[in-house]
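Close look at the chain arrangement
The residues making up each chain are set out below.
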Amino acid sequence: MKVAVYNLRPFDEKEWFEKYGEELGLTLVTCPDAPSLANAALAEGCDCVDIITSPIDRELMAAFAACGVKYLVTRTIGYDHIDLAAAKEFGIHVGNAPYGPNGVADYAVMLILMSIRRMKRIMQRTNMQDYTLCGIQGKELKDMTVGVIGTGRIGRTLIRDLSGFGCRILAHDLYESEEVRQYAEYVPLETIWEQADVITLHTPLTNDNFHLINADTIARMKDGVVIVNTARGGLIDSQALIAAVESGKVGAAGLDVVEKEFGLYYYDHKNDILDNRELAILRSFPNVTVSHHMAFYTDNEVKTVVRDSLSSCRLFMEGKENPWEVV
């Protein structure tokens, strides 16, 4: 049983791939680079391909199918980077590897607190030995209303954690949870736009919610609203967010994800001129904190996604019930 593993990071994933590959009786063909037409042939003779958030379009899917690949698993919760229509066309099944919700929930709380306490400005001043107070007065979470959009595993965990701060919590999801009702009130999106001081996103990206936060929805929000996104960059219209920060409508933002990040994050680009002007502008604002899609990145996450992605491949090749298969 052979699995082609792309995007393999030697400094954290390698030891776990070796451990679980041996335990599961799998032969691994590894590559540190993202999958591409140039290296797709590495998957020749492999039943499965294991990736992270690299885009898999129709052309690349066809190349994998030509190599005999029957299953593609991503070491992520989201799988919007995979062309599912192409996968179906070429008879390739798709799986994901959900990790525990605590890492991302913790990170979202951190970004909320950093945003309302103006931590980016504080750190910049401290680095310059400017210890003045003017302009860095913060707010207390207990006095705020937080709107949580998406109450899956991560959203539920975040809501439970936020309840300890004493803030009012509003929630929205297509599928409501009784667990959430212990701590939050389910409301329509319009109520969140109108009443939330902080809005945090925890929903997968779909055609229906692309640019969920846009010029129109921002206009309906409270002045000085704080926006946090640890889900998917496409949920926010970057141009609209930039305009809202510049006008003061948005008081702060904490962004672990941005539009057009594929092919950018997880690589060293310090000597490159990047083709992402919106990212450069967002990073320049003193009230916008940007990190590189790493809210998930904890010791537990690395071990879990390697183990589960390979277990998923093994179950697929054995024709057994596979809890990680999504399509």
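Residues numbered from 1 in each chain as written. Predicted model: local features only at pLDDT ≥ 70, side-chain atom pairs only at ≥ 80, totals over all residues. Heavy atoms only, no water.

Things to note about the overall build of the protein
- On a plain count of helices and strands, the protein comes out with eleven helices and twelve strands.
- For the protein, the C-alpha radius of gyration of 21 Å lies close to 20 Å, the compact-globule estimate for 327 residues.
- Its C-alpha atoms put the protein at 60 × 50 × 35 Å along the principal axes.
- Expressed as a percentage of contacts within the protein between residues at least 6 apart in sequence, the contacts between residues at least 24 apart total 66%.
- For the protein, the exposed surface amounts to about 15700 Å²; the carbon and sulfur share of it is 52%.
- Side-chain charges of the protein comprise 32 positive and 46 negative groups, with the mean position of each set lying 4 Å from the other. (Helix = DSSP H or I, 4+ residues; strand = E, 2+ residues; numbered from the N terminus. Rg over C-alpha atoms; globule rule 2.2 N^0.38 Å. Contact = heavy atoms within 4.5 Å. Areas by Shrake-Rupley, 256 points an atom, 1.4 Å probe, with all protein chains shown as cover. Lys, Arg positive; Asp, Glu negative; His and termini not counted. Charge placed at Lys NZ, Arg CZ, Asp CG, Glu CD.)

Remarks on the nonpolar core
- One finds Ile199 and Ile213 to be the most contacted residues of the largest nonpolar core, which totals 32 residues.
- Among the secondary structure elements, those contributing two or more residues to this core are α7 (189–195), β9 (198–201), β10 (225–229), α9 (238–247), β11 (250–255) and α10 (277–284).
- Looking at which element gives the most residues to this core, the answer is α9, with five residues.
- If sequence neighbours within four positions are ignored, Ile199 has contacts with Gly147, Ile149, Ile192, Trp193, Ile213, Met221, Val225, Val226, Ile227 and Val228.
- With 31 residues, the next largest nonpolar core counts Ala108, Val146, Leu162 and Val198 among its residues. (Core = buried A, V, L, I, M, F, W, Y, C linked by side-chain atoms within 4.5 Å. Buried < 20%, exposed > 50% of the residue type's maximum accessible area, 1.4 Å probe, protein only.)

Looking at the sheet that holds strand β8 (residues 185–186)
- The parallel open sheet is built from seven strands, whose spatial order is β8-β7-β6-β9-β10-β11-β12. Each end of this open sheet is capped by a strand with a single partner; those strands are β8 and β12 (288–290).
- In the packing of α9 onto the sheet, contacts are made with β10, β11 and β12, and the angle to β11 comes to roughly 135°. (Pairing = 2+ DSSP bridges. Axes fitted to C-alpha atoms, helices over the stretch in contact; angles between N-to-C directions.)

Notes on the environment of Glu325
- Along the chain, Glu325 falls in the segment after α11 (299–317).
- Judged by its relative accessible area of 30%, Glu325 is partly exposed.
- Separated by 265 residues in the primary sequence, Glu325 and Leu60 have C-alpha atoms spaced 20 Å apart.
- Beyond its immediate stretch of four places on either side in the chain, Glu325 contacts Tyr71, His93, Val94, Gly95 and Phe316.
- Polar contacts involving the side chain of Glu325 include one to the side chain of His93, which spans 2.7 Å. (Polar contact = N/O pair within 3.5 Å; in protein donor to acceptor, adjacent residues only side chain to side chain.)

Here we look at the packing of aromatic side chains
- A complete count under the given rule lists six aromatic pairs for this structure.
- On the numbers, 5.9 Å between centres and 20° between planes, the contact of Trp16 with Tyr20 is stacked. Of this pair, Trp16 and Tyr20 both sit in helix α1 (residues 14–24), separated by four residues, roughly a single helical turn.
- You can call Tyr20 buried: its relative accessible area is 9%.
- Between Phe296 and Tyr297 the ring centres are 6.0 Å apart and the planes differ by 65°, which places this aromatic pair in the edge-to-face class.
- Among the residues examined, Phe296 registers a relative accessible area of 13% and is labelled buried. (Phe/Tyr/Trp six-rings, centres within 6.5 Å; stacked < 30°, edge-to-face > 60°.)

By themselves, these are just geometric observations and shouldn't be taken as functional.
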